[in-house]
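Listed below, chain by chain, are the residues.
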Amino acid sequence: MDIRSKDFFILLVQVDHLQGEQLGYIVDVFYENGARIGVEAMLKAFDGAAMVPHPFTAAVLGSTPILEIIHPDAEVPEGEGVYGRTTSVYLVGKAAVKAAGLPETLHMKVTGEEYETAKVVGDVALILKDIGAPSVIGMMAFDEIFACFQEGISGFSGGPVNPPLGHVGAYAVVAMKALAANNGDVDKTIADFVAEKKQTSFDPEVALLSINTICRKANTLYSGPVTNLLIEATDPARANAIHRRVLATMDALETGKELKDVVAALDQEKIDIVCKNAGVIFTGMMGTPVSINVRKIAGAARRTTKLAAKYWSFDADIDIDVTVGDKTFVMNGLAHEILPKLCRCEAYEEMREVMPLVQNCINF
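Residues numbered from 1 in each chain as written. Predicted model: local features only at pLDDT ≥ 70, side-chain atom pairs only at ≥ 80, totals over all residues. Heavy atoms only, no water.

> Please explain the packing of aromatic side chains as it appears in this structure.
Aromatic rings considered in pairs are described by the distance between their centres and by the relative angle of their planes. A full pass over the atoms with the stated rule returns seven aromatic pairs. On the basis of an interplanar angle of 75° and a centroid distance of 5.5 Å, the ring pair of Phe202 and Phe282 is categorised as edge-to-face. Taken together, the positions of Phe202 in the loop between helix 9 (186-200) and helix 10 (204-221) and Phe282 in helix 12 (residues 259-286) put the pair 80 residues apart, joining distant regions of the chain. Note on accessibility: Phe202 and Phe282 belong to one class, buried. Here a set of aromatic residues connected by ring pairs shows up, and it is made of Phe56, Phe142 and Phe146. (Phe/Tyr/Trp six-rings, centres within 6.5 Å; stacked < 30°, edge-to-face > 60°. Helix = DSSP H or I, 4+ residues; strand = E, 2+ residues; numbered from the N terminus. Buried < 20%, exposed > 50% of the residue type's maximum accessible area, 1.4 Å probe, protein only.)

Right under this line is the structure:
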């Protein structure tokens, strides 16, 4: 039997767990096969559920089965390192990173501090293996925590999109690391933090305002230096956001405009800001001019309920144009017409390549 085969791996996993300290030494491919098979299974599970495969999640969760078999203090194969310095957990993480296609190193936002991905994946997988089953919200928070890296391996809150439940996860970690890197210099940390967020968000004002809102809630439960720093960093944006909207509303009402028209104008302003900044960010990412124009966002595309009419996200009626280079994609009925047919491979195949741009822009 080929010791690199799946059948041989399955045979070995039946070995008593007490022998886990020796397995890695006896079979030098045990780490690699165990992690690889777990990661590949996770990636296939994403595909089977019609979800976009998430390499970081696959690497971490796919590593946990082999870490249940091989002892964290197991001997390591010759040539892989020195026992006591190189651990079995690190070797599993290294194999998982390779199988998932993750970058070899990660870099913290703001500080640029470098981490070896294999160590991050291995250590986190070991933790998850031992802590039991976290809640759904717990795992969502976990996902957002690791959005703190520049490489964008996880979550939303470290990137340009600012969805619910993703306002602050990444930047709580970033603020903590930056405060330590700056030797407790609050003013410098705030300046670095705000500058980074303004450069990487579709709507910097709303992003900072959202962080402020979440941190104020957190502060009612437990106050600490990181929470206080985030509040201080985002208070100016909060004050300006409120003040600017109040003045605009008062001026509009005094000229005789109705409140619904004032609200519509504020909504349109937000859409315009998101489209403009998204175009700039996507142009930089793709190396070719990108522009986005949202022509319509409304509710009740198909349903007639009051809920669907009031909250457009329940039944979105969206018309949007995306231009990449010299090619323009005109999308009428994005959510209720184009996406269903595209997912079933019935039509609109030419629009598939720009859907990630559209999705991120609309998600905001």
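> Would you explain the pairing of strand 4 (residues 317-324) in this entry?
In terms of residue burial, strand 4 counts as a mostly covered element, since eight of its eight residues are buried. Residues Asp317, Asp319, Asp321 and Thr323 line one face of strand 4 and the alternating positions Ile318, Ile320, Val322 and Val324 line the opposite face, and both faces are buried. Summarising the sheet, strand 3 (residues 290-298) and strand 4 pair through eight bridges and their orientation is antiparallel. Bridged to Ser291 within strand 4 is Thr323. If you look at the hairpin formed by strand 4 and strand 5 (residues 327-332), you'll find two residues sitting between the two strands, and Gly325 has a positive phi there, around 65°. (Pairing = 2+ DSSP bridges.)

> What is the right way to read the packing of helix 3 (residues 30-48) against helix 5 (residues 88-100) from this model?
Axes are the key here: two packed helices are described by the angle between their axes and the distance separating the axes. The N-to-C vectors of helix 3 and helix 5 enclose an angle of 45°; their axes lie 8 Å apart at closest approach. By the criterion of interaxial angle, the relationship of helix 3 to helix 5 is oblique. Remark: the crossing between helix 3 and helix 5 carries right-handed chirality. Residues Tyr31, Glu32, Ala35, Arg36, Val39 and Leu43 of helix 3 form the contact with helix 5, whose participating residues are Ser88, Leu91, Val92, Ala95, Ala96, Lys98, Ala99 and Ala100. Tallied by class, residues from the contact of helix 3 with helix 5 come to 10 nonpolar, one polar and three charged. (Axes fitted to C-alpha atoms, helices over the stretch in contact; angles between N-to-C directions. Parallel < 35°, antiparallel > 145°, perpendicular 65-115°, else oblique. Left-handed = near helix turned anticlockwise from the far one by under 90°. Contact = heavy atoms within 4.5 Å. Nonpolar A, V, L, I, M, F, W, Y, C, P; charged D, E, K, R; others polar.)

> Whenever I open this one, the sheet that holds strand 4 confuses me. Can you help?
What holds strands together in a sheet is hydrogen bonding between their backbones, with the strands either parallel or antiparallel. The strand order 3-4-5 describes an open sheet built from three strands, whose pairing is antiparallel. Both edges of this open sheet fall to strand 3 and strand 5, since each of them pairs with a single strand only. The sheet shows a mean angle of 5° between the axes of neighbouring strands, taken without regard to direction. Each of strand 4 and strand 5 touches helix 14 (residues 334-343); the most contacted strand, strand 5, lies at about 115° to it. On top of the sheet, helix 15 (residues 355-363) reaches strand 3, strand 4 and strand 5; it is set at about 130° to strand 4, its chief contact.

> How should I be thinking about the pattern of salt bridges in this particular structure?
One side chain can pair with another of opposite charge once the charged atoms of both are near each other. What the rule picks out here adds up to 19 salt bridges. With its nearest N and O atoms 3.0 Å apart, the salt bridge here joins Arg245 to Glu205. In this pair, Arg245 is assigned in helix 11 (residues 225-254) and Glu205 in helix 10, connecting sequence segments 40 residues apart. Assessed through its relative accessible area of 17%, Glu205 is described here as buried. With its nearest N and O atoms 2.8 Å apart, the salt bridge here joins Asp317 to Lys296. One end of the pair, Asp317, is in strand 4; the other, Lys296, is in strand 3, with 21 residues separating them in the sequence. Residue Lys296 is classed as partly exposed on the basis of its relative accessible area, which comes to 33%. When salt bridges that share partners are traced, they join Glu205, Arg244, Arg245 and Glu269 into one network. (Salt bridge = Lys/Arg side-chain N within 4 Å of Asp/Glu carboxyl O.)

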